[in-house]
Amino acid sequence: MDAERRKTLEETTRWDPGAVEQGVFDRWMEGGWFHPSAEGSPAENYSISIPPPNVTGALHMGHALNGSIQDALIRLNRMRGRNTMWILGTDHAGIATQSVVEKELAEQGTPRLEMGREAFIEKVWEWRYRYGNTIVEQYKRLGASCDYERERFTLDEGYVKAVYRVFAELYRKGFVYRDNYMVNWDPGTQSAISELEVENREVTDTLYRIAYPLDDGGELIVATVRPETMLADTAVAVNPNDERYRDVIGKHAILPLVGRRLPVIADEHVDPEFGTGALKITPGHDQNDFEIGRANNLQEISVIGEDGLITDQAPERFRGMTAAEAQAAVIAELRDQDLLRGEEPYAHNVPFSHRSGERIEPLISLQWFCRMDELAKHAIDVVNDGRVRFVPAEPHTKVYLDWMERIRPWCISRQLWWGHRLPVWYRGEETYVGEEAPEGEGWEQEEDVLDTWFSSALWPYATLGWPDTKMPEFQAFFPTDVLVTARDIIFLWVARMIMTSLEFTGEIPFSDVYVHSVIQAPDGRRMSKSLGTGIDPLDEIAEHGADALRFGLFAMSSTQDVRFSQARVQQGRDLANKMWNASRLILLNARDDVEPGPRSERVEDRWIASRLHRAIATVSESIAAYDFSHAVLDLYDFFWSELCDWYLEIVKPRLYDGDDGDEDASASLLWALDQVLALAHPFMPFVTEEIYSYMPDPSAEALVIHRFPQVDDQLIDERAEEEIGGAIALTRALRRWRDLAGVPAKQVLTARADDREPHELVSRLARVQFSEDGGEPIASVSGVELLETEGIDPRAVEARIEERRQKLRAEVKRGEGKLSNEGFVAKAPADVVDAEREKLAAYRAELEELGG
RNA sequence: GGGCGCUUAGCUCAGUUGGGAGAGCGCCAGCUCGACAAGCUGGAGGUCACUGGUUCGAGCCCAGUAGCGCCCACCA
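None of the values given here were measured: they were computed from a predicted structure.

**Section: the overall build of chain A**
Next, step 1: Helix and strand counts for chain A come out as 28 helices and 29 strands.
Next, step 2: Taken against the 2.2 N^0.38 rule, which gives 29 Å for 852 residues, the C-alpha radius of gyration of chain A at 36 Å runs more than 25% over that of a compact globule.
Next, step 3: For chain A, the spread of C-alpha atoms along the three principal axes comes to 120 × 65 × 50 Å.
Next, step 4: Considering only contacts within chain A whose residues lie at least 6 apart along the sequence, 76% involve residues at least 24 apart.
Next, step 5: As displayed, chain A offers around 38100 Å² of accessible surface, 45% of which is attributable to carbon and sulfur atoms.
Next, step 6: Computed over 94 positive and 150 negative side-chain charges, the inter-centroid distance for chain A is 3 Å.

So this is what it looks like as structure tokens:
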């Protein structure tokens, strides 16, 4: 180590992430270690495709957790020597991006519609080049080791080809079709959306009861929360088993305000218990009614248009009103005509657009759909036969399978400008679908674009060059190994990737789906900007460092939703700092002329090697089970409690005095440091890499490509663990006694060892001088007799002893009770009973020693 | 309406197949001990939501109750 580096190490007493993280990241990039060669087979290689963030997006806590997990897996496998690729890219995010740009342009005084499609698209591309890299740069701050040289975008030229290929093929196979069908119309974005983009919210509406006169006298009373839709009624339905209405089935009612004759039909869907048991049927504006309408061949009338206004299918006086205005007008007229039979508040679930937040207007509209049932079959099979595995298996496997079993057609067209314009061309009555525009004059391309999720569905293979299956990247890295995601997009995205991948590549896209936590705000609410509950991961990184945030997220993560915990991030910061300082101790004091490696001469060296390898085992097992929380917490425990609190304290004298055993101490410490840095690197890459750069004679060019430690059973040493474990327990017992007896911290006690030889380290760490001399014992602690010493408060000592006696008596009583229980002795396993007997004997002996 | 999950220390959470309740933070007491005060040492603190059951033994298994949360669903 040159003098300047040494000086830095000496003077930097705190880990300062802000000062070094950027430099560390640059070294990784310069090393080219994130950019694998496209060689080898998918079986021997390791790859993950990132859930593509929206190109408009900013890194939020969900990305941070999701990214940290993937990065840990990627780094681990890279360190295990596999050719490893983390496929990076962004999503064009149709609606989200279009609205961001649209808003910006509107503020500048140019509404989108005025501007025209082409000019607008151009503006969005400009915007994309200006800001689209923001989130990618933010992933770098997190330390994400993606392949930044192969970044993709869902509107790349090649990607569009893949999308068009898939669309055209699905059309050719008869899965994709165009139809007039009931869709979820989002008035906010003026587009159809799929049922997965709809969320139900509880709303209190007014439930109106309205009398529909029958044409031969009498009336039927229907109940509705949307009286304005009655203008489009085409039937009234009752339950066929409802005695009250048996003889009106087949008759006709007269629709008030309109005068249309409505057949009274029978349908099982009608609940006789609800309202009056008579249901107005509006096939044009209600999902349920639409289906009843199709089943009964009813006319479909649309009185609310895509602009949300009443259409000319309604009586003239209502035309042009908004739905809300029409409702008021309808109610007013009904009241005048004395047809209103009641109104009451009614709480029910109402669909809202996930995108715009506006209330969904179910409308019949000409849209493109994709039939999913056949695609779903294979996607069900691969989960059933375990080729694709959810982690945790439950509840996700069941939820996935249930949903796939009753999958519905997917509305894939969107009335937007930003996205993949459908590869469909019309000329008069003709329709052409293909990857390229058709030959000939007069063809007009479809105006609609595809649902963003349609292109996302191809992500794992389209990013690697498909449909060109000869692409080296595709051959080397597809199928990928694992998909890491939160559960909210299992249907929207994960299921669809599995379906399209099986259909078009014949392969599963990934074998594991790891579903991680959703991070909530500390108070348990959703983390969201609009609620003001969001916590910006970049703020956390700026304040505590990327390693701290990553550690915190790992520590929090589970299979349940979790609340964000600042304390966990601070724990990570503290650990990074501890690593830095422990490393300073080692690097500044160890001899650099030794060959690092485990040493077996001294028990404490054997002990740390054994403990280290147990830690390697548990951490590795946890990662294999995707249990990141236990992985990092076990790592923390090993590093802090065993390596720092005990081993470093134990070896310090050998290190400082440069005498007896210092070579072994140095070799052992440098080796342990090397191993533990590698073990921690997937989780805390920056601090570990920076420390590694100070290692004398490092075995690897950089820690990022250092070999990940493997368990060596030869190093597990039960006897060393027992011996040092005993010394630790004794040290702690003595310290406890000192504290309780009020012995000043610096005062050295004298003691006599009773029938065993305490380790030298106990003497030092507990500040107890062992002596052969006699003297009056004033206390006995775990077999060690403490001798009379000046300055000890005898009352405190007696109190301490009495407290111990109390505890022992309680333990003895408990043990006796248990062992005198015939059931226990007869039925409990022998080893449990033996253990209980041994404990009891030990407690009795100690109690006797303390005089009762 | 159906399904699932949660309830453990003041707070956030761990608790493997049933065999003496754990961590981090916070709190209390004492420490400038030649890495670290973002530190060191010691300590206090829990009817494991409630009720009942199974068992020699239950935080863990079973049944029920209450509260919270999530997902699914076409009762207007």
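**Examining the protein's contact with RNA strand B**
Next, step 1: Near RNA strand B there are 55 residues, and of these R14, Y656, E811, R814 and K827 occur at the shortest range.
Next, step 2: Of all atoms in RNA strand B that approach within 4 Å of the protein, 54% are sugar or phosphate atoms.
Next, step 3: N288 places a polar side-chain atom, nitrogen or oxygen, 2.7 Å from a base oxygen of RNA strand B.
Next, step 4: One nitrogen or oxygen atom from the side chain of R735 is found 3.4 Å from a sugar or linking oxygen belonging to RNA strand B.
Next, step 5: Secondary structure elements with two or more residues in the surface near RNA strand B: strand 8 (219-224), strand 13 (340-353), helix 19 (566-589), helix 21 (628-657), helix 24 (718-741), helix 26 (794-819), helix 27 (822-827) and helix 28 (830-849).
Next, step 6: At 10 residues, the largest contribution of residues to the surface near RNA strand B is made by helix 19.
Next, step 7: Per-class residue counts for the surface near RNA strand B are 17 nonpolar, 16 polar and 22 charged.

**Some remarks on the nonpolar core**
Next, step 1: One finds L73, F167, Y400, M404, F564, F683 and W737 to be the most contacted residues of the largest nonpolar core, which totals 223 residues.
Next, step 2: Here this core gets 16 residues from one element, more than from any other, and that element is helix 21.
Next, step 3: Excluding residues that lie within four positions of it along the chain, F564 makes contacts with M61, I519, Q520, A521, P522, M527, I535, E540, L549, L553, M556 and V569.
Next, step 4: Core analysis: the second largest hydrophobic core is formed by 40 residues, A232, V264, A278 and I304 among them.

**Considering the pattern of salt bridges**
Next, step 1: For the structure on display, the rule yields 68 salt bridges.
Next, step 2: A salt bridge links R335 to E343; the shortest N-O distance between them is 2.8 Å.
Next, step 3: Judged by its relative accessible area of 44%, E343 is partly exposed.
Next, step 4: The network of salt bridges with shared partners includes R611, R614, E642, E718 and E721.

**Some points on the packing of aromatic side chains**
Next, step 1: Following the criterion strictly, the structure yields 36 aromatic pairs and no others.
Next, step 2: Judged by centre distance (6.0 Å) and plane angle (45 degrees), the ring pair of F551 and Y636 falls under tilted. Residue F551 is located in helix 18 (residues 546-556), and its partner Y636 is located in helix 21; the two are separated by 85 residues in the primary sequence.
Next, step 3: Every member of this aromatic cluster is reached through a ring pair, and the members are F25, W28, F34, Y148 and F686.

**Details of the environment of D271**
Next, step 1: For D271, the location among the structural elements is in the loop between strand 11 (261-266) and strand 12 (278-281).
Next, step 2: With 269 residues separating them along the chain, D271 and E540 place their C-alpha atoms 54 Å apart.
Next, step 3: Only 2.9 Å separates the side chain of D271 from the backbone nitrogen of E273, close enough to count as a polar contact.

**Observations concerning the sheet that holds strand 16 (residues 410-411)**
Strands pair in a sheet through their backbones, by hydrogen bonds, and they do so in one of two ways: parallel or antiparallel.
Next, step 1: Pairing is antiparallel across the open sheet formed by 4 strands, whose spatial order is 6-5-14-16. Edge positions in the sheet fall to strand 6 (191-193) and strand 16, since each has one partner strand and no second.
Next, step 2: Here strand 5 (residues 176-186) runs beside strand 6; their pairing, made up of 3 bridges, is antiparallel. Residue pairing in the sheet places N184 in a bridge with I193 of strand 6.

**Here's the deal with the environment of V433**
Next, step 1: Within the secondary structure, V433 is located in strand 19 (residues 430-433).
Next, step 2: For the pair V433 and Y171, spaced 262 residues apart in sequence, the C-alpha separation works out to 7.4 Å.

**Considering the confidence of the model for chain A**
Next, step 1: Confidence in the prediction of chain A, expressed as mean pLDDT, is 91, and 99% of residues score 70 or more.
Next, step 2: When pLDDT is averaged over each element of chain A, strand 2 (residues 84-87) comes out on top at 98 and strand 28 (residues 777-781) at the bottom at 82.
Next, step 3: Interface confidence for the predicted complex, given as ipTM, is 0.96, next to a pTM of 0.93.

**Concerning a positive patch on the surface**
Next, step 1: On the surface, a cluster of positive charge is made up of R732, R735, R736 and K807.
Next, step 2: Ranked by residues supplied to the positive patch, first place goes to helix 24 with 3 residues.

**A look at the sheet that holds strand 22 (residues 482-486)**
Next, step 1: Reading across the sheet, the 3 strands line up as 15-23-22 and stay open at both edges, with parallel pairing between neighbours. One side of each edge strand has no neighbouring strand; the edge strands of this open sheet are strand 15 (389-391) and strand 22. Going from strand to strand, the sheet's axes swing by 20 degrees on average, the running direction of each strand aside.
Next, step 2: As paired strands, strand 15 and strand 23 (residues 512-516) are joined by 3 bridges and run parallel to one another. Across the sheet, R389 pairs through a bridge with D512, a residue of strand 23.

**Examining the packing of helix 19 against helix 22 (residues 662-680)**
Next, step 1: Remark: helix 19 packs on helix 22, axes separated minimally by 10 Å, with the N-to-C direction vectors making an angle of 155 degrees. Judged on the interaxial angle alone, helix 22 and helix 19 are roughly antiparallel. Regarding helix 19 and helix 22, the two cross each other, and that crossing is left-handed. Contacts from M579, S583, I586 and L587 of helix 19 reach helix 22 at L669, L670, L673 and A680.
Next, step 2: Broken down by class, the residue content of the contact of helix 19 with helix 22 amounts to 7 nonpolar, 1 polar and no charged.

**Focus: the packing of helix 17 (residues 537-544) against helix 18**
Next, step 1: Packing of helix 17 against helix 18 leaves a shortest axis separation of 7 Å and a crossing angle of 120 degrees. Considered as vectors, helix 17 and helix 18 are oriented oblique to each other. Residues P537, E540, I541 and H544 of helix 17 form the contact with helix 18, whose participating residues are A546, A548 and L549.
Next, step 2: Split by residue class, the contact of helix 17 with helix 18 holds 5 nonpolar, 1 polar and 1 charged.

**Structural notes on helix 26**
Next, step 1: In this model helix 26 runs 37 Å from its N-terminal to its C-terminal C-alpha over 26 residues, within 8% of the 38 Å that 1.5 Å per residue would give.
Next, step 2: Of the residues making up helix 26, those classed as buried are A796, V797, R800, I801, R805, L808, V812, G815 and L819.
Next, step 3: Contact partners of the buried residues in helix 26: helix 24, strand 28, helix 27 and helix 28.

**Section: the pairing of strand 2**
Next, step 1: Here strand 2 shows two buried faces, one formed by T84 and W86 and the other by M85 and I87.
Next, step 2: Where strand 1 (residues 46-49) lies against strand 2, 4 bridges are found, and the strand directions are parallel. The residue of strand 2 that forms the bridge with I48 is W86.
Next, step 3: Handedness of the crossover is the feature at issue here: the chain leaves strand 1, passes through helix 3 (residues 61-79), returns alongside strand 2, and the resulting connection is right-handed.

Criteria and thresholds
Residues numbered from 1 in each chain as written. Chains lettered and ligands numbered in written order. Predicted model: local features only at pLDDT ≥ 70, side-chain atom pairs only at ≥ 80, totals over all residues. Heavy atoms only, no water. Helix = DSSP H or I, 4+ residues; strand = E, 2+ residues; numbered from the N terminus. Rg over C-alpha atoms; globule rule 2.2 N^0.38 Å. Contact = heavy atoms within 4.5 Å. Areas by Shrake-Rupley, 256 points an atom, 1.4 Å probe, with all protein chains shown as cover. Lys, Arg positive; Asp, Glu negative; His and termini not counted. Charge placed at Lys NZ, Arg CZ, Asp CG, Glu CD. Near = heavy atom within 4 Å. Polar contact = N/O pair within 3.5 Å; in protein donor to acceptor, adjacent residues only side chain to side chain. Nonpolar A, V, L, I, M, F, W, Y, C, P; charged D, E, K, R; others polar. Core = buried A, V, L, I, M, F, W, Y, C linked by side-chain atoms within 4.5 Å. Buried < 20%, exposed > 50% of the residue type's maximum accessible area, 1.4 Å probe, protein only. Salt bridge = Lys/Arg side-chain N within 4 Å of Asp/Glu carboxyl O. Phe/Tyr/Trp six-rings, centres within 6.5 Å; stacked < 30°, edge-to-face > 60°. Pairing = 2+ DSSP bridges. pLDDT = per-residue confidence, 0-100. Patch = residues over 30% accessible without salt bridge, like charges linked within 9 Å, V, L, I, M, F, W, Y side chains within 5 Å. Axes fitted to C-alpha atoms, helices over the stretch in contact; angles between N-to-C directions. Parallel < 35°, antiparallel > 145°, perpendicular 65-115°, else oblique. Left-handed = near helix turned anticlockwise from the far one by under 90°. Expected span 1.5 Å × (residues − 1). Right-handed = clockwise from strand over helix to strand, strands pointing away.

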